[in-house]
Amino acid sequence: MKFKSLLIVVSFLSINISLFAKPILSDSVGVKNDDGKKVILFKVKPKDTYSSIGRRYDVSPKTIMKYNDTKKETLTIGAIVKVPTDRPFKKSETKKEKNARLEREAEEASAAKKHKHKNTEDYTSNPAPEKPVAANVQQPPVQAVQQPAPESTITPTQYKVSAGETLYSISKRFNTTVEDITKLNNLTSTTVIPGEILMVRVGYHESPLPPAPVIAHNDTQTTAKRDSTTLMTTSIRDSAAERRFEKNRFGLYEKTEKGVATWIDDSSLDPNKKLVLHRTALIGTVIKITNPMTNRTTFAKVVGRFTDNEQTKDVIIVMTKNVADSLGALDKRFHVNISYGSPNE
């Protein structure tokens, strides 16, 4: 009798444990696919609210209400509420579909294996022909010609005109032509106003440069380089070869000078900017300066004149420390070559 009672108690405890251990069945009546995400179809029971449903599926009540396009917080018993989730929607695969998929994958693998075997046989039976050995023929050297960038690939940039600048100095600064700046901005004259905004294409030339001629001398080739699109004539004056530039259509000459330069510390000149003083160049002119000892070149703007004193005696240009550093100057006075545009010959 005691054994039967003990058996009944053990069975009752086992049933209770199994009931409590069993997970709660889902109240959903189905799921659907919404752009790859799983949406649960929940059937409302008594005392259900959007908050209780949200806690069940870890979704905020506002998200559920928004997805069901409703602002009413009360629910109707038996109604179907759609609960959006971030879980991916996985369509269950039937046994028939699984067998068909496995059969299709086996056929594809077999076909790939046959194709690979066939390619191996074709290569073995028909090896690739040997490439003919090129005869040792000496080809003439090809002269590489640098072509300017096409107009369609160059994006114009904005540039604000400073006081004293001209279209010629701006074109030299950006390695372009006055004609292109005039055409790009629909200018009717060559006069520019300080503060005016211009569109400029950097490094653009309207026509490609002609091939550089090759001059043969003593079985060696010397390439004559063209360093500018400005038309030039060469004359000999006082038994010394000098380059004399023709006046262009905008009334400017390109002048070159050689001589001594010096740099100074002056409170009126910002040492961190590239500024220079010149005897005759117009204020605002951009001057190209080269140090022949270091072969360094930089550009600086003329901001005024200078008078002769003990420090500037016999110099052609006075500059800030920034310009001297850019040229690699080691001494206070050093030789330079300069060139700039001038309205006077």
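Residues numbered from 1 in each chain as written. Predicted model: local features only at pLDDT ≥ 70, side-chain atom pairs only at ≥ 80, totals over all residues. Heavy atoms only, no water.

**Overview of the pattern of salt bridges**
So, step 1. Under the criterion given, the structure shown has 7 salt bridges.
So, step 2. Among the salt bridges present, the one from D48 reaches K45, with a minimum N-O distance of 3.4 Å.
So, step 3. Note on K45: relative accessible area 32%, which makes it partly exposed. (Salt bridge = Lys/Arg side-chain N within 4 Å of Asp/Glu carboxyl O. Buried < 20%, exposed > 50% of the residue type's maximum accessible area, 1.4 Å probe, protein only.)

**A few points about the sheet that holds strand β1 (residues 28–34)**
So, step 1. Read across the sheet, 3 strands follow the order β1-β2-β3 without closing on themselves; strand pairing throughout is antiparallel. Only two strands of the sheet have a single partner each, and these edge strands are β1 and β3 (80–88). Pairs of neighbouring strands in the sheet enclose a mean axial angle of 25 degrees, with direction left out of account. (Pairing = 2+ DSSP bridges. Helix = DSSP H or I, 4+ residues; strand = E, 2+ residues; numbered from the N terminus. Axes fitted to C-alpha atoms, helices over the stretch in contact; angles between N-to-C directions.)

**Concerning the nonpolar core**
So, step 1. Among the nonpolar cores identified, the biggest contains 19 residues, and I287, I289, I317, M319, F334 and V336 are the most heavily contacted of them.
So, step 2. Looking at this core, the element that brings in the most residues is strand β15 (residues 333–342), giving 4 residues.
So, step 3. Formed by 13 residues, the second largest nonpolar core is a distinct cluster that contains Y159, V161, I170 and V178. (Core = buried A, V, L, I, M, F, W, Y, C linked by side-chain atoms within 4.5 Å.)

**Topic: the sheet that holds strand β11 (residues 275–278)**
So, step 1. In spatial order, the strands read β10-β14-β11-β13-β12-β15; together these 6 strands close into a barrel with mixed pairing. Averaged over neighbouring strand pairs, the angle between their axes works out to 45 degrees when direction is ignored.
So, step 2. As paired strands, β11 and strand β14 (residues 315–319) are joined by 3 bridges and run antiparallel to one another. Each bridged residue has a counterpart across the sheet, and for H278 the counterpart in β14 is I317.

**Observations concerning the environment of E196**
So, step 1. If you trace the backbone, E196 turns up in the loop between α6 (178–184) and β5 (197–200).
So, step 2. For E196, a relative accessible area of 24% gives the class partly exposed.
So, step 3. Once residues within four sequence positions are removed from consideration, E196 is found in contact with Y159, K160, V161 and L187. (Contact = heavy atoms within 4.5 Å.)

**Concerning the packing of aromatic side chains**
So, step 1. In this structure the tally under the stated criterion is 2 aromatic pairs.
So, step 2. Here the aromatic rings of Y159 and F174 are separated by 5.1 Å at their centres, their planes lie at 75 degrees, and the arrangement is edge-to-face. You can see Y159 sitting in strand β4 (residues 157–160) and its partner F174 sitting in the loop between α5 (167–173) and α6, a full 15 residues away along the chain. Across this residue pair, the class does not change: Y159 and F174 are buried.
So, step 3. Here K321 stacks its cationic end above the ring of W263, 5.1 Å away from the centre of that ring. (Phe/Tyr/Trp six-rings, centres within 6.5 Å; stacked < 30°, edge-to-face > 60°. Lys NZ or Arg CZ within 6 Å of the ring centre and 35° of its normal.)

**Remarks on the pairing of strand β10 (residues 253–263)**
So, step 1. One ladder, built from 10 bridges, connects β10 with β15; its direction is antiparallel. Residue pairing for β15: E254 is matched across the bridge by G341.
So, step 2. As paired strands, β10 and β14 are joined by 4 bridges and run parallel to one another. Residue pairing for β14: T262 is matched across the bridge by V318.

**Regarding helix α2 (residues 50–57)**
So, step 1. When we look at burial in α2, the residues that qualify are Y50, S52, I53, G54 and Y57.
So, step 2. Where the residues of α2 are buried, they touch β1, β2 (37–43), α3 (61–67) and β3.
So, step 3. Trailing α2 by a residue or two, D58 shows a phi angle of about 60 degrees, which is positive.

**Focus on the pairing of β11**
Here is the key point about a regular strand: its side chains alternate between the two faces of the sheet.
So, step 1. Neither face of β11 is open: one carries L275 and L277, the other V276 and H278, and all of them are buried.
So, step 2. Relative to strand β13 (residues 296–304), β11 runs parallel, the two being bridged by 3 bridges. Bridge pairing in β13 links L277 to G304.

**Observations concerning the confidence of the model for the chain**
So, step 1. Across the chain, the average pLDDT comes to 76, with 66% of residues at or above 70.
So, step 2. The least confident element of the chain is strand β8 (residues 232–237), whose mean pLDDT is 39; the most confident is strand β12 (residues 286–291), at 94.
So, step 3. Low pLDDT (under 50) marks residues 17–25, which in the prediction has 0 contacts with non-local residues, meaning those over four places away or in another chain.
So, step 4. Scored below 50 in pLDDT, residues 216–245 shows 35 contacts in the model against residues more than four places distant or in partner chains. (pLDDT = per-residue confidence, 0-100.)

**Focus on the environment of G284**
So, step 1. Looking at the element boundaries, G284 is found in the loop between β11 and β12.
So, step 2. Taking relative accessible area as the criterion, G284 reaches 0% and is therefore assigned buried.
So, step 3. Between the C-alpha atom of G284 and that of G304, which follows or precedes it by 20 residues, the distance is 8.6 Å.
So, step 4. With near-sequence residues (within four places) excluded, G284 lies in contact with A163, G164, E165, K301 and V302.

**Details of unusual backbone geometry**
So, step 1. For D69, which is not glycine, the phi torsion reads 55 degrees and is therefore positive.
So, step 2. The topology assignment puts D69 in the loop between α3 and β3.

**Here we look at the environment of I316**
So, step 1. Take I316: it is sitting in strand β14.
So, step 2. Classification of I316 as buried rests on a relative accessible area of 16%.
So, step 3. In this structure, the C-alpha to C-alpha distance between I316 and F306, residues 10 residues apart in sequence, is 9.7 Å.
So, step 4. Those residues within four positions of I316 in sequence are excluded, and the remaining contacts are E257, K258, G259, V260, H278, F306, V336 and I338.

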